[in-house]
Structures are given as C-alpha cells and as structure tokens.
Amino acid sequence: MGSLANESFSIELQQLDAACDTARNQRTHWLLTSPDPPTLCHQLIHSIKKNVGRTTKQSRKEAFFSFLKGLFPILSWGRNYKAAKFKHDIMAGLTLASLCIPQSIGYANLAKLDPQYGLYTSVVPPLIYALMGSSREIAIGPVAVVSLLLSAMVPKIVDPAVDHIAYRNLVFTATFFTGAFQAVFGLFRLGFLVDFLSHAAIVGFMGGAAIVIGLQQLKGLLGINHFTTKTDVVSVLEAVFKSLHNEPWFPLNFVLGCSFLIFILVTRFIGKRNKKMFWLPAIAPLLSVVLSTLIVYLTKADQHGVKIVKHFKGGINPSSLHELQFNSPHIGELAKIGMICAIVALTEAIAVGRSFASIKGYHLDGNKEMVAMGCMNLVGSLTSCYTATGSFSRTAVNFSAGCETVVSNIVMAITVLISLELLTKLLYYTPLAILASIIISALPGLIDISEACHIWKVDKTDFIICIAAFLGVLFGSVEIGLLIAVGISFGKIILGTIRPSVELQGRLPGTDTFCDITQFPVAIETPGILIIRVNNGSLCFANANFIRGRILTAMTNGSEQHSKEKIRVLVLDMSNVMSVDTSGIVALEELHREFVSQGIQLAIANPRWKVINKLKAAKFLDKLGKGWIFLTVGDAVDACLNTKMADLN
C-alpha cells in the first residue's frame, strides 16, 4: 500500500510539474509573439489623427472658442466672477501696489535703468498675464535676480555710464528674445529645458545672487559715485574700498538707509508674528519712500551729500518698437542673454506659481504659463518694459492679502499707472539709499540656509551642485554660476548613465519575490544559479562595455561565493532596461559567447517591449535559444531548477 501511495504521489507531482512547464511556456510564448512597438513615424501619425479627429467632431465656431478659452483663461473663469471676489482682489491689488511701486523703482536702479522703467514693467506685463495666465496668486513685475542678470551681462556689450540710451535699447531687445524663447518653450512643450536648473542649483544660485545684489546696494547706501560693472564679490568690495579711500562719502546716506532698513525689517517681524498685520510689512517700503522723501525735501539734505533720484519721467508706457536693435552686431549675445533670462525667469515664476497653487488645491499648467510669460515679455519689450516674471515676495503678500484671482494684478497695474501719471514729480527728492534699503530688505527671502542644510542631509551630490552655483555666482559671475551648476548636474546624469550599477538578487523566504541581497540580507541565493539585474533605463553605446564588465565581475565574485556548487546558469533580469541599441546587443552577444565557453547558460528575464523587439530583429534570440527567454525571474529560476533535476535523474 505504501509503494502504491508513493507512486500515485510521484505521478501527481509529475503532472503538476508538467502543468507548470506548460504555463511557463505559454507566458514565454506571449512574450515572444508580442506585436512590434509603434515606430516614431506611427506615433506622429496617430497624434495628428487624434488632433484632427477632435477638431472634426467640433464645429469651427466651437473649435475657435475652445482655442480662445485655452489661450485666455479669463474667458472661462470671468463668467462666474462675483462682486464678493472683487472686494478681496481690490484690497490685495492695492496692498500689492504699495509694495510694488518702491520695489520696482529699486529694481530698475539695480538693472541700471531709469526709475520709470521699473514702473512701466509693473503695468503692461501684469495686464497681459491677467488675460493669459492661469495662476490666481502670482504677482508679476520686475525681480531682483533678473535685474541682476541684465545689469551683469548687457554692460559687457555697452557701458550704461557711457551710452545709456544704447544700453536701454539692448535691454529691450534682450527682453524681446526672453519673451520669444519663453513662448516657444510653451508652444512646443519644451518645459524640460527649465528643469536643467535643478532645485539644488536654484537654491545655490539664488543665495549667491542675493549676496551679490546686497553688496551692489552699497553704492546707493554709501552714496558712492563711481562703481564697478562687475558682479563678483571681490570686484564689488574692491570698488567700495577704493571709492571710500579716494572719494568723499557722506554718512547721511548710510544713516538714512540703515534707519529705514531697520524699520522695514521690524514691520516684517511684526507681520510674521501677527497674521492680521500682514498689511504692515507690505506698505512699509512705500511708507519709507514717502517719509524719507519728505525728510530730504524739508531738510534740504540733498545739498549735504544725500543722493536723490532727481528727474523722474512719468506718463503712460511709450512705445519702444523702434528702439529694438535687431540689426545690432551683438544680436547673438543678446539672444544668449535672452535665453538665460528666459530660463531663470520661468524657473522662478513656475516654482512660485506651483507652490501657491498647491496650497489652494489646483493644478498649474507649466506650458500655458510659459506661453503667458512669453507673450507678456514680448508685448513688454514693445512698451518700454524690461523682463518681468513672478515675484515670490510680492506673491506672498498677494496671497496673504486674500486675493481670489489675477484681478489683483489688474488693480495693481492700474494703481501703478495712476502713480505714473500723478505722483512721479513727488519722487524727485527720493534718496537712493532708501531704494537700496528696500532691495536689501527683500534679499533674506532668497537665501534659504535651512533648505541648503536639508539638501546636505538628503543628497551630498546635490549639495555640491548647490555650493558650486553659490560660489560661482559669488566669485565669478552669474553666467559662470549657472554654467557650473548646469554642468555638474549634467555630469551627475551622464555619470549615472555610463556607470550604472548591477545587483545580485535572491528570493525572499516564503515568497516568489526576488530582490537585492545587499538591501535584503535575508534573501536566499539559489545554488548553481546567479541572478543579476541591470539598474539602468538603457543598454547603449555609452554603458554597454561598463555593464558587461560589471556582470563579469559579479559573475567572478558569485563563483567564489558558490564554491561548493559551480554556477551553471546566469539569469539576467532586464526589467529596468527600457531600450537597447546595437552596442548593447553586441555586448550581450559577447557575454553569451564567453559564458558558453565556460559552460554557463545565459537566460534573460522580463525584457521590455522595445528590448525584445530589438533582440528579435538582431537574431540574438536564435543564438541564445528561445527557451531561455522568460517573462519573470521566477519562471527562469523554476525552469533552471527543473532542468537541473532532469539532468540529475
């Protein structure tokens, strides 16, 4: 009876093994007979048909209105706009204008332009963005970093102290290129270009730029007449010491500037401690301008060495179409400046917009934002504006003031326009030291030490990128800082591509899951079978030989660890490999030949769609044997174990 039971159990076990083999073979058949993946040409044709199909289902009128709504989001939400929202928007817009007016004048001074151009930039671009932008909270206007970029790069072509009109025209032309690049990025969905500036690079760049901007404000804070056009910290400090040593300076500028700087910082501290007092730090810069102007006017301080704004042209934005320098011999350099400003401005604006959009719980389309930013800068370059973007400090004020929509930008622009018409003559006696103190007060928000510490804890390579960008801006120039940051970021990506890792895998006890034995020491290796996974998205010319060498090294180490039983099968898990080229296939063929010479069988598990298609086209499967291609690592291991048992029997 016992022998009959054993025979019956043996028959059932053989039937179960046969069923498992049949199921495994069926899965392999599915893998090998999968249809070819669509080519790039097929994908393009499908995309065109899909778009044409959408337009044919709509009438021309519906398609036109749909296009307009996509281009001008205000047509969609404007229908449901109510008076209750306008109450919040008008309060936010007025609060925003009180901060925007003095900041815009200061940023124009930073960009080496006359004060009115900062105010012009706070009129037209916000109005265009209100029609085309999708962010509800973002505040548009000139910002410190872009102003620094222009003042650092354009003077290399024309010195504003020598020919101020030519310098201004080149700034308008660079702004035109900035808008053109931004619009093209959005229309062709090239938003990934903005991502070339990683988060770590932005943190370092902003911190370095903030320090450079602060040091440059020493000119206004100390009342210095002659100053360097360079932006590195060594040149700036050298210019300050030389000016103080060789030229007379007037301490009243410093006293006036520092007094109101302390006042602005104190109001900001009060506003942070008491959220209901959010309006106090917002109006503090404007209040500083008004009070300091009155002090200078009443005490005749300008006659005692206090530097003032003096002539301040007002009125509506004049046209600057005839001032664009497309025939300039420096058109290539201006295009380069426009490209840099476009990427930096978009990076700041989209980061700001998405931050506040996530708080409000809605999605911000990056490509639409690029088109809106591009159009507003294109129109701005034709109306005497320089590059505008979203400001973090003003957006935070706009948000705190309770804005509901971009109507707050419209209110702000109208308020600035009224100020240009009526109040510019009153700003004649405004001291330059106050403008410097307003800019300096906005800089602490650009230096994020806590985020730099967080980057250090999370990723040391990213921290190196952050510090490189910081030091590049500080001791080189803004271009050098950006190039260093982007270069190290690219180096990190390339290094990860050409030197990917491979990992030995084992089975977790009691499961069919295979994982890295280094990460999970409890994973059990299968005797006689070595499982290796390639951790890279592609097997290509850049990394094929490196991966081949890593596999051979892992094979040698695995052989030493499996000294009791010779390795008979190497299972190559290609679940992470999304693509392979001819160099990668040649590397696989060389591995196969080398293993055959050593009496080792190569098996491939879970090749992706494009990979299996390339392997079939290269006839590699015929050389390897279709019986050694498996859908999963588990199938490969089970098949190898059955083969070993059959050989033993």
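Check the entry above for the structure.
Residues numbered from 1 in each chain as written. Predicted model: local features only at pLDDT ≥ 70, side-chain atom pairs only at ≥ 80, totals over all residues. Heavy atoms only, no water.

Asks: Before we move on, can you summarise the overall build of the protein chain with the specific residues and values?
Replies: In terms of helices and strands, the protein chain carries 27 helices and 10 strands. What you see for the protein chain is a C-alpha radius of gyration of 33 Å, clearly larger than the 26 Å of a compact globule of 649 residues, by over 25%. When the backbone C-alpha atoms are referred to their principal axes, the protein chain occupies close to 120 × 65 × 55 Å. For the protein chain, the residues scored as buried account for 49% of the 649 residues in total. Within the protein chain, residue pairs in contact and separated by at least 24 positions form 82% of the contacts whose partners lie at least 6 positions apart. Just so you have it, the protein chain exposes about 31,500 Å², and 65% of that area is on carbon and sulfur atoms. Put simply, the protein chain has 56 plus and 43 minus side-chain charges, and the middle of one group is 9 Å from the middle of the other. (Helix = DSSP H or I, 4+ residues; strand = E, 2+ residues; numbered from the N terminus. Rg over C-alpha atoms; globule rule 2.2 N^0.38 Å. Buried < 20%, exposed > 50% of the residue type's maximum accessible area, 1.4 Å probe, protein only. Contact = heavy atoms within 4.5 Å. Areas by Shrake-Rupley, 256 points an atom, 1.4 Å probe, with all protein chains shown as cover. Lys, Arg positive; Asp, Glu negative; His and termini not counted. Charge placed at Lys NZ, Arg CZ, Asp CG, Glu CD.)

Asks: With reference to specific residues and values, describe the environment of Asn253.
Replies: Locating Asn253 in the fold gives a position in helix 13 (residues 251–273). Judged by its relative accessible area of 0%, Asn253 is buried. Through-space distance from the C-alpha of Asn253 to that of Val306 is 5.4 Å; in sequence the pair is 53 residues apart. Setting aside chain neighbours within four positions, we find Asn253 in contact with Gly220, Leu221, Leu222, Gly223, Gly305, Val306, Lys307 and Ala433. Of note is the side chain of Asn253, whose polar atom sits 3.0 Å from the backbone oxygen of Gly305. (Polar contact = N/O pair within 3.5 Å; in protein donor to acceptor, adjacent residues only side chain to side chain.)

Asks: Which residues make up the sheet that holds strand 3 (residues 501–507), and what values do they have?
Replies: Ordered in space as 4-3-5-7-9-10, the six strands form an open sheet in which the pairing is mixed. With partners counted over all chains shown, the strands left at the sheet margins are strand 4 (514–516) and strand 10 (629–630), one partner each. Taken together, the five bridges between strand 5 (residues 529–535) and strand 7 (residues 569–573) define a ladder with parallel strand orientation. Each bridged residue has a counterpart across the sheet, and for Ile529 the counterpart in strand 7 is Val569. (Pairing = 2+ DSSP bridges.)

Asks: Could you give an account of the packing of aromatic side chains, with specific residues and numbers?
Replies: For the structure shown, the criterion picks out 13 aromatic pairs. Where Trp456 meets Phe463, the ring centres are 5.0 Å apart and the plane angle is 70°; that geometry is what we call edge-to-face. Look at Trp628 and Phe630: their rings are 6.4 Å apart centre to centre, the planes differ by 80°, and that puts the pair in the edge-to-face class. Three or more aromatic residues joined by ring pairs make a cluster, and in this case those are Tyr117, Tyr120 and Phe172. The ring of Tyr362 is capped by Arg136, whose NZ or CZ atom sits 4.0 Å from the centre of that ring. Directly above the ring of Tyr297 sits Lys300, whose terminal nitrogen or CZ lies 5.4 Å from the centroid. (Phe/Tyr/Trp six-rings, centres within 6.5 Å; stacked < 30°, edge-to-face > 60°. Lys NZ or Arg CZ within 6 Å of the ring centre and 35° of its normal.)

Asks: Hey, could you go over helix 8 (residues 144–153) for me, with residue numbers and the actual values?
Replies: Burial runs high along helix 8: 10 of the 10 residues are buried. The inward-facing, buried residues of helix 8 abut helix 5 (83–110), helix 9 (164–187), helix 10 (199–216), helix 15 (331–360), strand 2 (389–391) and helix 22 (478–498).

Asks: Hey, could you go over the side chain of Ser147 for me, with residue numbers and the actual values?
Replies: In this structure, Ser147 sits in helix 8. If we ignore the near neighbours within four places in the chain, the residues touching Ser147 are Tyr107, Leu110, Ala111 and Tyr386.

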